[in-house]
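Listed below, chain by chain, are the residues.
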There are 2 protein chains.
Amino acid sequence: MQYSEMKREALLEEQVKLLKEFEALKRMNLKLDMSRGKPGADQLDLSMDLLKAVTEKEDCIAENGFDCRNYGVLDGMPECKALFAELLDVPTKNVIIGGTSSLNLMYDYIAQCMAKGVAGEKPWLMQGNVKFICNVPGYDRHFSICEYFGIEMINVPMTDEGVNIEKIRELVKDESVKGMFCVPKYSNPTGVTYTDENVRAIAALQPAAKDFRVVWDNAYIVHDLTDTPDQLLNIFEAAKEFGTEDHFVEFTSTSKISFPGAGVSAIAASDNNIAEIKERLNNETISYDKLNQLRHVRYFKNLDGIKAHMQKHAALIAPKFQAVLDGLEKEFSENRLASWTKPNGGYFISLDTTACSARRVGELCKELGVTLTTVGATYPYGKDPEDKNIRIAPSLPPVAELEKAVEVLCLCIKLATLENLV
Amino acid sequence: MQYSEMKREALLEEQVKLLKEFEALKRMNLKLDMSRGKPGADQLDLSMDLLKAVTEKEDCIAENGFDCRNYGVLDGMPECKALFAELLDVPTKNVIIGGTSSLNLMYDYIAQCMAKGVAGEKPWLMQGNVKFICNVPGYDRHFSICEYFGIEMINVPMTDEGVNIEKIRELVKDESVKGMFCVPKYSNPTGVTYTDENVRAIAALQPAAKDFRVVWDNAYIVHDLTDTPDQLLNIFEAAKEFGTEDHFVEFTSTSKISFPGAGVSAIAASDNNIAEIKERLNNETISYDKLNQLRHVRYFKNLDGIKAHMQKHAALIAPKFQAVLDGLEKEFSENRLASWTKPNGGYFISLDTTACSARRVGELCKELGVTLTTVGATYPYGKDPEDKNIRIAPSLPPVAELEKAVEVLCLCIKLATLENLV
């Protein structure tokens, strides 16, 4: 039954039927949340022993004998740097360990570019209007950093292979285009992993700006949902070929490995960028939380430990993704009222409405007690130019709640579409 | 025996005698460190139970039911805000909890002023040459933040009452003077606590700059060494009288209460400043480490708990301060080759040489294996204009080592003075 092929009377009948369903759901006073990429409580339970990994005095002493209860060691304990070097597949000297939040590290890096500049160039703030490429749909927190600092954002729609490299090649001819944010693996929200060709093309970019920087937010580096995970090309390996290592600053964290807000974050970057970041850090702090670094090293031990742990996460959230995909499939597989991504990892499913306003869908869902990520948030300035994208975050609610929430979402998409057609 | 009253021959004899002592000490291959305000290992042992305060799932749940293992709560858990509100004697709504480092919070605040501006005024970076008053001698980390951002620093020598308010009153008539750093209690390094009159006079300042801000670094707020601790007037109470609450942003942390680099930091500020800081924070991170906040609340419980804990710290470091003071007293009480402060708290003793180069003393100490805080570091740009100040940090070495280190220091001061006189 394609709405586009139905007569007005049939559409009205359908609308009446759905409105009755809507009223019935409304009476249920639902309170369901698919808005943020928060792990479920069962996922958090997986890491509880981490909190017991450093409780005695001897636990606080690092491999090199350093007492991690005291000041010092700006760039992280060697064993923690080694763990992240293995995770990020870079030399240990190119790693800096941060606090609990990689978002904080990214913000700090952009702040550094704004107020101090990059590679000896003038601070971005002193260069007049500076611009960032925003691959859309994308992560709202990246866009808000740009907005806060007054960086003009240019939308470039993502493709199935990653970023739209042709458009980006054109844009970087403009010297005022200073960089972009990328989530190269299981991109937020589309779940796309950049192909090797796409990564190589990004590495090969020759921007006009001498202070061009890509924030390579590898947030979902080991966040696989299937036994056939996506493989991401190492950006620094790719960049080596083109001598563009300085263009990239990579970030990751254990927020969705151990505990969001109580994990460990890290930077990987070229020698030049590490030096500039350390110069700043040297003025910013004395050291990050080394006891928390030790907790993570003691608990995970190495990359294999992290990978084994991530399989437990996958076992808990893969069924949630499946519940959403099943619900969408059931309602939309034949009528083309929506299209959506089927990611192999990460935290999101990206849905595009095809014949109705996503914003209207958000309003209707809200009426039924289902909270979606604010519609529009996946675009700079909160403005989805086609008003079609909805980010679904399935990780937090239990499967039964998710099934209900997807039922509501599908109903609202149909109703919003009918409002357009009738 | 006053060197100034001795004849050349007597001076030479004294010099020969001291050089022999110097050579004897050199053969001991000492390795003593009085350079940084690091707590001793015995002090760190005091807080070990804090690391056991949050290990089970139920420990992670806040009083309001929030699961602190997950994302959220930007400005800190209510019970942690309440603890710091009690400590700082301000309303809870005027508190923001940070990460492990108050230095980091201060840096971030200055970075915010540089790149975003204050109270609707242009960013400091866009206002041409901006200046900060630096109360000297002072904390090198404050000065390096200014230096990093290119803020011009103006030395204003401290007095026994606090800051030199007459000089400051003159300086703030210049619109480009944007603020100053203050360590109002047990000032680093002089140990001076600002008198009530001094605090009131600072609160009463009417600077030309509309975006004038004082970083009120209350690092040693409960770090008393005696039973008759200094009392500091609450800056916000004082400011209320003059309507200048917005001029002050206060910082503190548990770095020297629990663990340096693994404690909890906090900001106290006016409603206006809190709003500006939260706007930035909202772009900078999702939340700081709430599990560590809970560890601290569970362990210390309240201000009384913190105070009782600080008495244990005092019992460990007061004898160290005494050892330094005794050593100095023994050598210099009558000959006036140096003057020094006798603080009731904090982490430092400030020594001024009277007839020799402090830098030369540092060189001689280094030859004997005694590391002092880099001489000059207590002044902006590392330049002590009179080359006389030495910051002594007695907390880290055991008493026996300290006694030796002070013996070395005194010998080097005498030798450096003789080099000048002979």
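For every chain, the first residue of the written sequence is number 1, and numbering continues from 1 onward in sequence order. Here the convention is simple: chains get letters from A, ligands get numbers from 1, in the order in which they are written. Local features in a predicted model are, by the rule used here, given only for residues with pLDDT of at least 70; side-chain atom pairs are given and counted only at 80 or more, and totals for whole chains, interfaces and linings are based on all residues. As a convention, hydrogens and water are excluded, and side-chain values are obtained from all of the structure's heavy atoms.

Asks: It is not clear to me how the overall build of chain A should be interpreted in this structure. Could you clarify?
Replies: A run of H or I in DSSP becomes a helix once it reaches four residues, and a run of E becomes a strand once it reaches two; helices and strands are each numbered from the N terminus. If you tally the helices and strands in chain A, you get 13 helices and 12 strands. In this description the radius of gyration comes from C-alpha coordinates, and the expected globular size is given by 2.2 Å times residues to the power 0.38. Since a compact globule built from 422 residues should have a radius of gyration of about 22 Å, the 23 Å found for chain A is in line with a globular shape. The rule is simple: take the accessible area with a 1.4 Å probe, protein chains only, and divide by the maximum for that residue type; under 20% is buried, over 50% is exposed, in between is partly exposed. Looking at chain A residue by residue over its 422 residues, the buried ones come to 63%. Pairs of residues are marked as contacts when any of their non-hydrogen atoms sit within 4.5 Å. Once local pairs closer than 6 in sequence are excluded, the contacts in chain A between residues at least 24 apart make up 76%. Using the Shrake-Rupley algorithm and a 1.4 Å probe, accessible areas are obtained, with residue cover drawn only from the displayed protein chains. Summed over its atoms, the accessible surface of chain A is roughly 15,900 Å², and 49% of this surface lies on carbon and sulfur atoms. Each charge class in chain A can be summarised by its mean position, and for the 48 positive and 62 negative side chains these summaries are 4 Å apart. Neither His nor the chain termini are counted; the positive set is Lys and Arg, and the negative set is Asp and Glu. By convention, charge coordinates are those of NZ in Lys, CZ in Arg, CG in Asp, or CD in Glu.

Asks: Would you mind showing me how to read unusual backbone geometry here?
Replies: Residues and elements named next belong to chain A. Cis geometry is adopted by the peptide bond preceding P137, which originates at V136 and carries an omega value of -5 degrees. Locating P137 in the fold gives a position in the loop between β3 (131-136) and α5 (140-148). For the bond running from N188 to P189, omega is 5 degrees, close enough to zero to count as cis. Even without a glycine there, the phi angle at D387 is positive, about 50 degrees. Relative to the helices and strands, D387 resides in the loop between β11 (370-372) and β12 (389-392).

Asks: Looking at this structure, I do not really get the packing of helix α7 (residues 196-203) of chain A against helix α8 (residues 235-242) of chain A. What am I missing?
Replies: How two helices pack is summed up by the angle between their axes together with the distance between the axes. All names here are of chain A. Across the interface, α7 lies against α8 with an axial gap of 8 Å and an inter-helix angle of 50 degrees. Accordingly, the angle class assigned to the pair α7 and α8 is oblique. Judged by the twist between their axes, the crossing of α7 over α8 is right-handed. Contact with α7, carried on its side by V199, R200 and A203, involves I235, A238, A239, E241 and F242 of α8 and no other residues of that element. Axes, fitted as lines to C-alpha atoms, cover a helix only where it is in contact. Angles between the N-to-C directions of the axes lie from 0 to 180 degrees. Throughout this description, any angle smaller than 35 degrees is read as roughly parallel, any larger than 145 degrees as roughly antiparallel, any in the 65 to 115 degree range as roughly perpendicular, and the remainder as oblique. Take the far helix as the reference: if the near one is turned anticlockwise from it by less than a right angle, the crossing is left-handed, and if turned clockwise, right-handed.

Asks: In this structure, what is going on with the environment of L225 of chain A? I would like to understand it.
Replies: All names here are of chain A. Mapped onto the elements of the fold, L225 is located in the loop between β6 (213-217) and α8. The sequence separation of L225 and N420 amounts to 195 residues, and the corresponding C-alpha distance is 37 Å. In this view, L225 contacts A314, I317, A318, F321, P343, N344, G345 and G346; residues no more than four positions away in its chain are not counted.

Asks: For this particular structure, what's the right way to read the sheet that holds strand β9 (residues 338-340) of chain B?
Replies: Residue and element names in this part refer to chain B. Criterion used throughout: strands pair if DSSP finds at least two bridges between them. What the 3 strands build is an open sheet, ordered β9-β10-β12; its pairing is antiparallel. Looking at strand neighbours, the two that pair on one side only are β9 and β12 (389-392), the edges of this open sheet. Strand-to-strand twist of the sheet, defined as the mean angle between neighbouring strand axes without regard to direction, takes the value 25 degrees. The sheet contact formed by strand β10 (residues 349-353) and β12 spans 4 bridges and is antiparallel. By the bridge assignment, L351 is partnered in β12 with I390.

Asks: How should I be thinking about the state of the cysteines in this particular structure?
Replies: What is meant by a disulfide is a covalent connection between two cysteines, made through their sulfur atoms. Two cysteine sulfur atoms form a disulfide, by the criterion used here, when they sit within 2.5 Å. Summed over all chains, the structure comprises 0 disulfides over all chains. The thiol of C80 of chain A is not disulfide-bonded; the next cysteine sulfur, from C68 of chain A, is found 9.7 Å away. Here C80 of chain A falls in the buried class, since its relative accessible area comes to 0%. Cysteine C182 of chain B is unpaired, with the sulfur of C134 of chain B as its nearest cysteine sulfur at 10 Å.

Asks: How should the confidence of the model for chain A be read in this particular structure?
Replies: Regions with low pLDDT carry predicted coordinates that are not meant to be interpreted in detail. pLDDT measures the predictor's confidence residue by residue and takes values from 0 up to 100. Looking at chain A, pLDDT values average 97 and 100% of them are 70 or higher. As scored by the predictor, the complex reaches a pTM of 0.97 and an ipTM of 0.97.

Asks: Quick question: what am I supposed to make of a negative patch on the surface here?
Replies: Residues and elements named next belong to chain A. Patches were defined on residues exceeding 30% relative accessible area and lacking a salt bridge, with like-charge contacts within 9 Å and nonpolar side-chain contacts (Val, Leu, Ile, Met, Phe, Trp, Tyr) within 5 Å. Should a side-chain nitrogen of Lys or Arg be within 4 Å of a carboxyl oxygen of Asp or Glu, the pair is scored as a salt bridge. Negative charge collects at one region of the surface, where D326, E329, E334 and E403 lie side by side. By secondary structure assignment, the location of E403 is in helix α13 (residues 399-421). Relative accessible area serves as the criterion here: at 44%, E403 is assigned to the partly exposed category.

Asks: I'm lost on the environment of Y194 of chain B in this one. Help?
Replies: All names here are of chain B. You can see Y194 is positioned in the loop between β5 (177-182) and α7 (196-203). Residues Y194 and D230, spaced 36 residues apart in sequence, show a C-alpha to C-alpha distance of 9.1 Å. Residues in contact with Y194, not counting those within four places in the same chain, are N135, M158, E161, G162, V163, C182, V183, P184, V199, I202, W216 and L232.

Asks: It is not clear to me how the sheet that holds strand β10 (residues 349-353) of chain A should be interpreted in this structure. Could you clarify?
Replies: The strands that make up a sheet pair up through hydrogen bonds in the backbone, lying either parallel or antiparallel. Residue and element names in this part refer to chain A. Ordered in space as β9-β10-β12, the 3 strands form an open sheet in which the pairing is antiparallel. Each edge of the open sheet carries a strand with a single partner, namely β9 (338-340) and β12. Strand-to-strand twist in this sheet, taken as the mean axis angle between neighbours without regard to direction, amounts to 25 degrees.

Asks: Hey, could you run me through the pairing of strand β7 (residues 248-253) of chain B in this one?
Replies: Residue and element names in this part refer to chain B. Of all the 6 residues making up β7, 6 are buried; the element is thus mostly covered by neighbouring parts of the structure. Burial along β7 is two-sided: F248, E250 and T252 and V249, F251 and S253, pointing in opposite directions, are all buried. Here strand β6 (residues 213-217) runs beside β7; their pairing, made up of 4 bridges, is parallel. Paired with V214 across the bridge in β7 is F248. Read from β6 through helix α8 (residues 235-242) to β7, the crossover connection turns out right-handed. Examined bridge by bridge, β7 and strand β8 (residues 265-269) share 5 bridges and lie antiparallel to one another. Counterpart to S253 in the pairing with β8 is S265. The handedness of a crossover follows from its direction of travel: if, with the strands pointing away from the viewer, the path from the first strand over the helix to the second runs clockwise, the crossover is right-handed.

Asks: How should I be thinking about empty space enclosed by the protein in this particular structure?
Replies: In this approach the atoms are scanned with a rolling probe the size of a water molecule, which exposes any empty space left behind. A cavity here means a set of 1 Å grid points, computed over protein atoms only, where a 1.4 Å probe fits but cannot escape. A pocket is an open set with protein on both sides within 12 Å along at least 5 of 7 lines, and lining residues have an atom within 4 Å of a point. Grid points are joined across faces, edges and corners, and a volume is the space filled by probe spheres set on the points. One pass over the full model with this rule turns up 8 cavities of 30 Å³ or more. The calculated volume of the largest cavity comes to roughly 290 Å³. Around the largest cavity sit 20 residues that line it, and G99 and Y288 of chain A together with G99, N104 and Y288 of chain B are the ones nearest its centre. Elements represented by at least two residues in the lining of the largest cavity include exactly α4 (102-115) of chain A together with α4 (102-115) of chain B. Its residues assigned to classes, the lining of the largest cavity shows 4 nonpolar, 10 polar and 6 charged. Secondary structure elements with two or more residues in the lining of the second largest cavity: α4 and α9 (271-284) of chain A together with α4 and α9 (271-284) of chain B. For this scheme, ten residues count as nonpolar: Ala, Val, Leu, Ile, Met, Phe, Trp, Tyr, Cys and Pro. Four count as charged, namely Asp, Glu, Lys and Arg, and the remainder, Gly too, count as polar.

Asks: Looking at this structure, how should I read the side chain of N234 of chain B?
Replies: Looking at where N234 of chain B falls in the secondary structure, it is placed in the loop between β6 and α8. Of note is the side chain of N234 of chain B, whose polar atom sits 2.8 Å from the backbone nitrogen of F236 of chain B. Each polar contact in these results corresponds to two N or O atoms within 3.5 Å; when the atoms are within protein, one needs to be able to donate a hydrogen and the other to accept it, and residues that are neighboring in sequence are counted only if both atoms are side-chain atoms.

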